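The lines below spell out each chain.
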Amino acid sequence: MKKNKVSMMITVLILIFQVALIPSAQAAAITGKIAFEGTAPASPPMAMDADPNCQMMHPDGVSADDVIVNPNGTLKNVFVYVKEGLGDQTFEAPKEPVAFNQQGCQYHPKVFGIQVGQPLEILNSDNTLHNVHAVPTKSTQFNLGMPIQGMKLKKTFTAPEVMVKIKCDVHPWMAAYAGVLKHPFFGVSGDEGTFEIKNLVPGQYVIEAWHEKYGTQTFSVTISSADETKDIAFTFKAS
Amino acid sequence: MGLNRFSRFLAFATYLLIIAGGLVTSTGSGLSVPDWPLSYGSFFPPMVGGIRFEHSHRLIAGSVGLLTLVLMVAILRAEKRVWLKKLGMLTFGAVILQAVLGGITVIYLLPTFVSVFHACLAQTFFCLIISIALFTSPLWTKAEPVQFPKSFWIHRILFVTTALIYLQLILGAVVRHTAGNGIVYHALMAFLVLTGIFLSTYSVMCLPAGNELQRPAIFLGLLAVAQLFLGVGSWMTRIMMGESARQGVSAVLFATAHQATGALILASCVYLTLLSLRLFIQPESGHVSIVSGGADRI
């Protein structure tokens, strides 16, 4: 009887120890900035005259969005993720969906990360019809018609792939890219050109940065302690 | 005569359909309408963006399908030639198969084999209609074949050239539906096809002057020259200049014109081959005299 009590206490202590340990063990992070070197390419206006509805949504026109250099000289829409170093760890796909919106005949977000099996909630906010055509090579392609404003659909990707192109064949200028991964360790550079990959455990990682036009770059990084934040930098050069 | 006029009109409509289909591929609009046979669940969706090309293609295809049905019924009712009746039915079968292939390309998201098959069947169907137009024309029905000593060789040159053009058409469709794969074979084949066409034109020119083959043969030679330039233009705008240029107006126009001219070349060569078989026959004894007769056999 006494032996059982001791055994139970030890189990409870182990559980408490684990609960206390896990958050601090996954507190490490990789942060960084995507620098851009050289002259930013001219962003020609997108010709949206193929659909008057799209044109009306942008009376002042809208620039091409394949290369966006931020005012601080950084590059937007770069997908940064852990390419190697996670071993055989598995990560459950989140239940909450990634929101993907068609608004102003453009995709929002243009570049994003999603886990295998995580729902992608696709919304048409436009007063015109779109088709959402995802062209993965490792998951099943899908092509969905979204003719009604406010219409929502959900899809998932079944295999990791960096990157999966999503396009609208009605409006050929519309293109988005999804980084489909087995894990949640990714980020996308925004208006400040920065990114953050959180909740990593100590270890050696290969980090890859992907851009639609400028391709990929990799960086090896070692995180030695659970509370370390490693700052790295990628530099993409004007071609 | 009415049947001939109707089949000529259908040939024109089919050619428009080939151009419309070419525009769908060139603009990358093939999947802008994700459902089939309806378009976004309706008969007439808003004609915006890529839908303008894809839905126009479907409308023209529907019209050609109906016209082919009318042609088949007219042939079955008015014609006495059994083989022509069978050809009419085969042509209608081809247009039905073509519609089904079109649907499969949409539903299964442009599988390469089906897309290539769809492209090749389109041009085969065009040749069938051209053939029906020829078979129902006075040029065919009232022809009096003449014996000409080199007919055997001319028939074979034209036949081999037609086969080469058809093979080139398959290669072209593969290049087009696989973003440039097989372009080297398509380019090499172009030289063989050009040789065949110029040899065909030359051999037709060796036939007695004033025959009905000479004008289409000159037309075929001119088309081949134009096609060479259009092919180079397509290659430059769609493959050499990369993805950014692929959606440009010049790329779309070059590729579509190249495909449409290819259809005309194939149809012209089929026309020449059939007409040469009808108008010129090899003398049995091999002597050089030109003798008329034999029209009642066909």
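Residues numbered from 1 in each chain as written. Chains lettered and ligands numbered in written order. Predicted model: local features only at pLDDT ≥ 70, side-chain atom pairs only at ≥ 80, totals over all residues. Heavy atoms only, no water.

## What to know about the pattern of salt bridges
Residue and element names in this part refer to chain A.
- Enumeration according to the criterion identifies ten salt bridges over all chains in this entry.
- K167 is the salt-bridge partner of D169, the closest N and O atoms lying 3.7 Å from each other.
- Given a relative accessible area of 25%, K167 falls into the partly exposed group.
- We note a salt bridge from E228 to K230, for which the minimum N-O separation is 3.3 Å. (Salt bridge = Lys/Arg side-chain N within 4 Å of Asp/Glu carboxyl O. Buried < 20%, exposed > 50% of the residue type's maximum accessible area, 1.4 Å probe, protein only.)

## A look at the environment of A255 of chain B
Residue and element names in this part refer to chain B.
- With respect to the element layout, A255 can be found in helix α10 (residues 249-279).
- By relative accessible area, A255 is classed as buried at 4%.
- Linking A255 and T25, residues 230 residues apart in sequence, is a C-alpha distance of 9.0 Å.
- Not counting residues up to four positions away in its chain, the partners in contact with A255 are S26, R176, S234 and R238. (Helix = DSSP H or I, 4+ residues; strand = E, 2+ residues; numbered from the N terminus. Contact = heavy atoms within 4.5 Å.)

## A look at unusual backbone geometry
- In this chain, H108 of chain A is followed by P109 of chain A through a cis amide linkage whose omega measures 0°.
- With respect to the helices and strands, the residue P109 of chain A is situated in the loop between β4 (106-108) and β5 (111-115).
- The phi dihedral of Y40 of chain B falls on the positive side, at around 50°, and the residue is not glycine.
- Examined against the element boundaries, Y40 of chain B turns out to sit in the loop between α1 (2-27) and α2 (51-78).

## Focus: the sheet that holds strand β9 (residues 152-155) of chain A
Residues and elements named next belong to chain A.
- Strand order in the open sheet formed by four strands is β4-β3-β6-β9, and the pairing between neighbours is mixed. Because the sheet does not close on itself, it has two edges, and the strands there are β4 and β9. Strand after strand, the sheet turns through a mean of 20° between neighbouring axes, direction not considered.
- Direction of pairing for strand β3 (residues 98-103) relative to β4: antiparallel, over a ladder of three bridges. Following the sheet pairing, Q103 is matched in β4 by Q106. (Pairing = 2+ DSSP bridges. Axes fitted to C-alpha atoms, helices over the stretch in contact; angles between N-to-C directions.)

## Topic: the sheet that holds strand β16 (residues 229-237) of chain A
All names here are of chain A.
- Spatial ordering of the open sheet is given by β13-β1-β16, a layout of three strands whose pairing is mixed. Each edge of the open sheet is held by one strand with a lone partner, namely β13 (194-200) and β16. Each neighbouring strand pair of the sheet contributes to a mean axis angle of 20°, computed without reference to strand direction.
- The pairing of strand β1 (residues 28-37) with β13 spans five bridges and is antiparallel. Considered in β13, the bridge of G32 is made with F195.

## Re the state of the cysteines
- Taken as a whole and judged by the stated rule, the model has one disulfide over all chains.
- Between the sulfur atoms of C54 of chain A and its disulfide mate C105 of chain A the distance is 2.0 Å. Here the S-S torsion is close to -70°, and the disulfide linking C54 of chain A with C105 of chain A is therefore left-handed. Of the two residues, C54 of chain A is situated in helix α2 (residues 52-57) and C105 of chain A in the loop between β3 and β4; the sequence distance between them amounts to 51 residues.
- According to the relative accessible area criterion, C54 of chain A is buried, its value standing at 0%.
- With a relative accessible area of 0%, C105 of chain A lands in the buried category.
- C269 of chain B provides the cysteine sulfur closest to C206 of chain B, a residue in no disulfide bond, and the two sulfurs are 16 Å apart. (Disulfide = S-S within 2.5 Å.)

## Details of the interface of chain B and chain A
- Listed as interface residues are 15 residues of chain B and, on the opposing side, 19 residues of chain A.
- Buried area between chain B and chain A, summed over both chains or domains, comes out near 1,200 Å², and the portion from carbon and sulfur atoms is 65%.
- Looking only at chain B, the three residues that lose the most surface to chain A are Y40, V48 and L109 of chain B, adding up to 42% of its buried area.
- Between the two partners, chain B and chain A, sit zero salt bridges.
- Inspection of the region where chain B meets chain A yields four residue pairs in polar contact (both at pLDDT 80 or more).
- For the side of chain B that touches chain A, the residue count by class is seven nonpolar, six polar and two charged. (Buried area = accessible area lost by both parts, 1.4 Å probe. Polar contact = N/O pair within 3.5 Å; in protein donor to acceptor, adjacent residues only side chain to side chain. Nonpolar A, V, L, I, M, F, W, Y, C, P; charged D, E, K, R; others polar.)

## Details of the nonpolar core
- Membership of the largest hydrophobic core comes to 64 residues, with the highest contact counts inside it found for F126 and L213 of chain B.
- Listing elements by their share of this core, those giving two or more residues are α1, α2, α3 (82-107), α4 (112-135), α6 (151-177), α7 (183-205), α8 (214-240) and α10 of chain B.
- If one sorts the elements of this core by residue count, α4 of chain B sits on top with 13 residues.
- Sequence-distant contacts of F126 of chain B, that is, excluding residues within four places in its chain, are made with A11, T14, Y15, I18, A263 and A267 of chain B.
- If you look at the next biggest cluster of nonpolar residues, it comprises 34 residues, including Y107, V164, C168 and W173 of chain A. (Core = buried A, V, L, I, M, F, W, Y, C linked by side-chain atoms within 4.5 Å.)

## So, the packing of α3 of chain B against α4 of chain B
Residue and element names in this part refer to chain B.
- At a closest axis distance of 9 Å, the pairing of α3 and α4 adopts a crossing angle of 155°. Here α3 lies roughly antiparallel to α4, going by the angle between them. Like other packed secondary-structure pairs, α3 and α4 cross with a definite hand, here left-handed.
- A class-by-class count of the residues in the contact of α3 with α4 yields 18 nonpolar, seven polar and no charged. (Parallel < 35°, antiparallel > 145°, perpendicular 65-115°, else oblique. Left-handed = near helix turned anticlockwise from the far one by under 90°.)

## Observations concerning the packing of aromatic side chains
- Counted by the stated rule, this structure contains 16 aromatic pairs over all chains.
- Taking 5.4 Å as the distance between ring centres and 25° as the angle between the ring planes, the aromatic pair formed by F79 of chain A and Y81 of chain A counts as stacked. For the pair formed by F79 of chain A and Y81 of chain A, the shared burial category is buried.
- Where W83 of chain B meets F135 of chain B, the ring centres are 5.0 Å apart and the plane angle is 80°; that geometry is what we call edge-to-face. Taken as a pair, W83 of chain B in helix α3 and F135 of chain B in helix α4 lie far apart in primary sequence, 52 residues in all.
- For F135 of chain B, a relative accessible area of 7% translates into the label buried.
- Site record: aromatic cluster; members linked through ring pairs are F79, Y81 and F186 of chain A.
- Across from the ring centre of W140 of chain B, 5.3 Å away, lies the NZ or CZ of R278 of chain B, which sits over that ring. (Phe/Tyr/Trp six-rings, centres within 6.5 Å; stacked < 30°, edge-to-face > 60°. Lys NZ or Arg CZ within 6 Å of the ring centre and 35° of its normal.)

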